[in-house]
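Each chain, written out:
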Amino acid sequence: MLSVDAHSPVPPYEQVRSSLARQINDRTLPVGTKLPTVRKLAADLGIAPNTIARAYRELEEAGLIETRGRAGSFVGSSGDQSRQRAQEAAAEYAAVVRKLGLSQGEALAIVSAALDGGQAAQGVPRLTPRPAR
């Protein structure tokens, strides 16, 4: 189900979060699926429970999972709306980019850098502010 690459530059919590998010979004983990407890998953992956707790917390904030107290954590029904929310955010971003007069290349470079965790994308030039007129 999940694995963590100790040699990856991606933090373990993000590896867990993104892997679970991908499985939820592609419906490998359908709505209502009970997730392993934080301690169980941490033990299975050989990482700290706080690492799993952080991944679960971020998934819950994104609406992909829900925690039902002592009953545990489950794939949430709002997870089905992830793509729709992303499309709405993309449309809003495109409207802002057009208003700012940025080129499509600049807009894509910004998105690429944001998806890379704020790091400049490989081969994409850094944007510099335009001089005031």
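Please refer to the structure higher up on the page.
So, here is what we can say about the structure in this document. Source: prediction; values computed, not measured.

1. A closer look at the nonpolar core
Counting residues in each nonpolar core, the largest one holds 18 residues, and the members touching the most others are Val16, Leu20, Leu35, Leu41, Leu45, Ile52 and Tyr56. Among the secondary structure elements, those contributing two or more residues to this core are helix 1 (12–25), helix 2 (38–45) and helix 3 (49–61). Excluding residues within four positions of it along the chain, Val16 makes contact with Leu2, Val4, Leu41, Leu45, Ile47, Ile52 and Ala55.

2. Quick look at the packing of helix 2 against helix 3
As a packed pair, helix 2 and helix 3 sit with axes 8 Å apart at the nearest point and diverge in direction by 120°. The pairing of helix 2 with helix 3 is recorded here as oblique in orientation. Regarding helix 2 and helix 3, the two cross each other, and that crossing is right-handed. For the pair helix 2 and helix 3, the contacting residues are Val38, Leu41, Ala42 and Leu45 in the first and Pro49, Ile52, Ala53 and Tyr56 in the second. Its residues assigned to classes, the contact of helix 2 with helix 3 shows eight nonpolar, no polar and no charged.

3. Here's the deal with the side chain of Gln23
Looking at where Gln23 falls in the secondary structure, it is placed in helix 1. Given the relative accessible area of 12%, Gln23 is considered buried. Those residues within four positions of Gln23 in sequence are excluded, and the remaining contacts are Met1, Leu2, Thr28 and Leu29.

About the cut-offs
Residues numbered from 1 in each chain as written. Predicted model: local features only at pLDDT ≥ 70, side-chain atom pairs only at ≥ 80, totals over all residues. Heavy atoms only, no water. Core = buried A, V, L, I, M, F, W, Y, C linked by side-chain atoms within 4.5 Å. Buried < 20%, exposed > 50% of the residue type's maximum accessible area, 1.4 Å probe, protein only. Helix = DSSP H or I, 4+ residues; strand = E, 2+ residues; numbered from the N terminus. Contact = heavy atoms within 4.5 Å. Axes fitted to C-alpha atoms, helices over the stretch in contact; angles between N-to-C directions. Parallel < 35°, antiparallel > 145°, perpendicular 65-115°, else oblique. Left-handed = near helix turned anticlockwise from the far one by under 90°. Nonpolar A, V, L, I, M, F, W, Y, C, P; charged D, E, K, R; others polar.

It is worth stressing that arrangement in space is one thing and function is another; only the former is reported here.
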